[in-house]
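# Understanding the architecture of this molecule
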Amino acid sequence: GTVGAVAIDQDGNLAAATTTGGMTAKAAGRIGDSPLIGAATYAQNGVCAVSATGHGEYFIRVAVAKTICARVELAGESVGDAAQSALDQVAELGGDGGVVVIDGQGGYEYVFNSKGMYRGMIDPDGIETAIFEQE
Ligand code: ASP
């Protein structure tokens, strides 16, 4: 399965990383969204960092990670709103999945249109983990 991460350091540098096993029964030679910068993975200091999981073909078509950061940078949206908009576009095309996003101040969101998404967060105050929607 996919492991994706976003992070901010004490100097405000943002980073994103995504690794994946691909999709079940994928075609030989298929390249998914995970290694494509702007599809499942993107980071821009002062704006946001994104890591995505899901049906890669749809994430590539929407350029999900770059789209989210562009909405934050150019439209002034929160990372949560921008992520929801991008995932709505993925859903319209028939795909599902989710993202972890963090903004330039360290605010973060998990947004997904799949049934659940294994996820967690660590900061100096502790750790939180979840799978399904949070109450
Ligand atoms: N997004 C990946 C792909 O399409 C699948 C995954 O979520 O790991 O290759």
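Further up the page is the structure itself.
Everything numeric in this text was worked out from a predicted model, so none of it was measured. Positions within a chain are numbered from 1, following the residues in the order the chain's sequence is written. Whole-chain, interface and lining totals are the exception, using all residues; otherwise, since this is a predicted model, local features are given only for residues with pLDDT of at least 70 and side-chain atom pairs are given and counted only at 80 or more. In computing side-chain values, all of the structure's heavy atoms are included and hydrogens and water are not.

### Comments concerning the pattern of salt bridges
Where charged atoms of side chains with opposite charge meet at close range, the side chains can pair. The following threshold applies: For this document, the term salt bridge refers to a Lys or Arg side-chain nitrogen within 4 Å of an Asp or Glu carboxyl oxygen. Think of it this way: any DSSP run of H or I at least four residues long counts as a helix, any run of E at least two long counts as a strand, and we number them from the N terminus. Burial status follows relative accessibility: with a 1.4 Å probe on protein chains alone, a residue under 20% of its type maximum counts as buried, one over 50% as exposed, and anything between as partly exposed.
Scanning the model with the defined rule gives 2 salt bridges in all. Its salt-bridge partner being glutamate 57, residue arginine 30 comes within 2.6 Å of it at the nearest N-O pair. Of the two residues, arginine 30 sits in the loop between β2 (14–19) and β3 (41–44) while glutamate 57 sits in helix α1 (residues 56–62), which places them 27 residues apart along the sequence. Accessibility expressed as a relative area gives 38% for glutamate 57, which makes it partly exposed.

### Quick notes on the site of the ligand
Rules: Any residue with a heavy atom positioned within 4 Å of a molecule or strand is treated as near that molecule or strand. Polar contacts, as used here, are pairs of N or O atoms within 3.5 Å; protein pairs need one atom able to donate a hydrogen and one able to accept it. Residues neighboring in sequence count only if both atoms are side-chain atoms. All residues other than Ala, Val, Leu, Ile, Met, Phe, Trp, Tyr, Cys, Pro, Asp, Glu, Lys and Arg, Gly among them, are scored as polar; the first ten of these are nonpolar and the last four charged.
As a structural note, the neighbourhood of the ligand is formed by Thr2, Thr20, Gly22, Met23, Arg30, Gly32, Asp33, Ser34, Thr53, Gly54 and Gly56. Here an oxygen atom of the ligand sits 2.7 Å away from a polar atom, N or O, in the side chain of threonine 53. When grouped by side-chain class, the residues that make up the shell around the ligand number 1 nonpolar, 8 polar and 2 charged.

### Examining the sheet that holds strand β5 (residues 97–103)
Here is the rule we go by: Strands qualify as paired when DSSP identifies two bridges or more between them. Only C-alpha atoms enter the line fits that serve as axes; for helices the fit covers just the stretch in contact. Angles between N-to-C directions range over 0 to 180 degrees. Residues are treated as being in contact if the distance between any of their heavy atoms lies within 4.5 Å.
One open sheet accounts for 4 strands, arranged β3-β4-β5-β6; its pairing is antiparallel. Each end of this open sheet is capped by a strand with a single partner; those strands are β3 and β6 (108–112). Ignoring which end each strand starts from, the neighbouring axes of this sheet average 10° apart. The strands touched by helix α3 (residues 79–93) are β4 (48–54), β5 and β6; relative to β5, the strand with the most contacts, the crossing angle is about 155°.

### Quick notes on unusual backbone geometry
Leave glycine aside and you will find that most residues have negative phi; peptide bonds, for their part, are mostly trans. The phi dihedral of alanine 25 is positive, around 65°, even though this residue is not glycine. Looking at the secondary structure, you find alanine 25 in the loop between β2 and β3. Taking relative accessible area as the criterion, alanine 25 reaches 76% and is therefore assigned exposed. Here alanine 63, not a glycine, exhibits a phi torsion of approximately 50°, which is positive. Looking at the element boundaries, alanine 63 is found in the loop between α1 and α2 (64–75). A relative accessible area of 28% places alanine 63 in the partly exposed class.

### Let's talk about the state of the cysteines
Should the sulfur atoms of two cysteines be covalently bonded, the bond is a disulfide. Selection criterion: Throughout, a disulfide means two cysteine sulfur atoms within 2.5 Å of one another.
Within the structure shown, the criterion is met by 1 disulfide. Each sulfur of the disulfide joining cysteine 48 and cysteine 69 lies 2.2 Å from the other. Where cysteine 48 bonds to cysteine 69 through sulfur, the torsion about that S-S bond is close to -120°, and the disulfide is left-handed. Within this pair, whereas cysteine 48 is found in strand β4, its partner cysteine 69 is found in helix α2, the two being separated by 21 residues in sequence. On the basis of relative accessible area, cysteine 69 is assigned to the buried category, the value being 0%.

### Observations regarding the packing of aromatic side chains
Keep this limit in mind: Pairing of aromatic side chains here covers Phe, Tyr and the six-membered ring of Trp, requires ring centres within 6.5 Å, and sorts the geometry by plane angle: under 30 degrees stacked, over 60 edge-to-face, intermediate tilted. Charge-over-ring placement is defined geometrically: NZ (Lys) or CZ (Arg) within 6 Å of the ring centre, and within 35 degrees of the ring normal.
A full pass over the atoms with the stated rule returns 1 aromatic pair. Judged by centre distance (5.7 Å) and plane angle (65°), the rings of tyrosine 108 and tyrosine 110 are edge-to-face. Tyrosine 110 gets classed as buried once you look at its relative accessible area, which sits at 14%. A cation sits over an aromatic face here: arginine 119 above tyrosine 110, 5.4 Å from the ring centre.

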